[in-house]
Amino acid sequence: MKSTLGMKTIDCKLRTEEFAELMKVKPATIRRGYWDKGHYLNIKPLKLPNRLLYWPEADVLDLLGSEA
């Protein structure tokens, strides 16, 4: 799923459940961080009209790469 914010295109492919699995936490942990702070580990999702969150895969992979 691609989103265009202004002139920038963001490629968002990860659902919250997939993001949580990669981070080895529960999906509720990801959602709580988003609702409390507007982000989870400085990664902001794309919020769809049906209230689902899609997370930018490139940002998540960058975060995982920096942790290794």
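Note that the coordinates shown come from a computational prediction; the quantities given were computed from them, not determined experimentally. (Residues numbered from 1 in each chain as written. Predicted model: local features only at pLDDT ≥ 70, side-chain atom pairs only at ≥ 80, totals over all residues. Heavy atoms only, no water.)

1. A word on the overall build of the protein
Right, so step 1: Looking only at helices and strands, the protein features three helices and four strands.
Right, so step 2: If you list the helices and strands of the protein from N to C, you get β-β-α-α-β-β-α.
Right, so step 3: Split into buried and exposed, the 68 residues of the protein put 31% on the buried side.
Right, so step 4: Sequence separation of 24 or more characterises 39% of the internal contacts of the protein that already satisfy a separation of 6 or more. (Helix = DSSP H or I, 4+ residues; strand = E, 2+ residues; numbered from the N terminus. Buried < 20%, exposed > 50% of the residue type's maximum accessible area, 1.4 Å probe, protein only. Contact = heavy atoms within 4.5 Å.)

2. Quick look at the packing of helix α1 (residues 16-23) against helix α2 (residues 27-37)
Helix-helix packing is described using two parameters, namely the angle between the two axes and the distance between the axes.
Right, so step 1: Following both chains from N to C, one finds α1 and α2 inclined at 110 degrees, their axes separated by 8 Å at the closest point. Between α1 and α2, the interaxial angle falls into the category roughly perpendicular. Counted together, T16, E17, F19, A20 and M23 of α1 and P27, I30 and R31 of α2 form the full contact between these two elements. (Axes fitted to C-alpha atoms, helices over the stretch in contact; angles between N-to-C directions. Parallel < 35°, antiparallel > 145°, perpendicular 65-115°, else oblique.)

3. Looking at the nonpolar core
Right, so step 1: Counting residues in each nonpolar core, the largest one holds twelve residues, listed as L14, F19, A20, M23, I30, Y34, Y40, I43, L53, W55, V60 and L63.
Right, so step 2: If one sorts the elements of this core by residue count, α1 sits on top with three residues.
Right, so step 3: Excluding anything up to four places from it in sequence, A20 contacts V25, K26, P27 and I30. (Core = buried A, V, L, I, M, F, W, Y, C linked by side-chain atoms within 4.5 Å.)

4. Regarding the pattern of salt bridges
Right, so step 1: Scanning all chains against the criterion turns up four salt bridges.
Right, so step 2: Between R15 and E18 there is a salt bridge, and its shortest N-O distance comes to 3.9 Å.
Right, so step 3: The partner of D36 in a salt bridge is R32, and the shortest N-O contact between them spans 2.8 Å. With D36 and R32 both in helix α2 and four residues apart, this pair spans about one turn of that helix. (Salt bridge = Lys/Arg side-chain N within 4 Å of Asp/Glu carboxyl O.)

5. Focus: the side chain of T16
Right, so step 1: Examined against the element boundaries, T16 turns out to sit in helix α1.
Right, so step 2: With a relative accessible area of 4%, T16 lands in the buried category.
Right, so step 3: In this structure the side chain of T16 is engaged in a polar contact, spanning 3.1 Å, whose partner is the side chain of W55. (Polar contact = N/O pair within 3.5 Å; in protein donor to acceptor, adjacent residues only side chain to side chain.)

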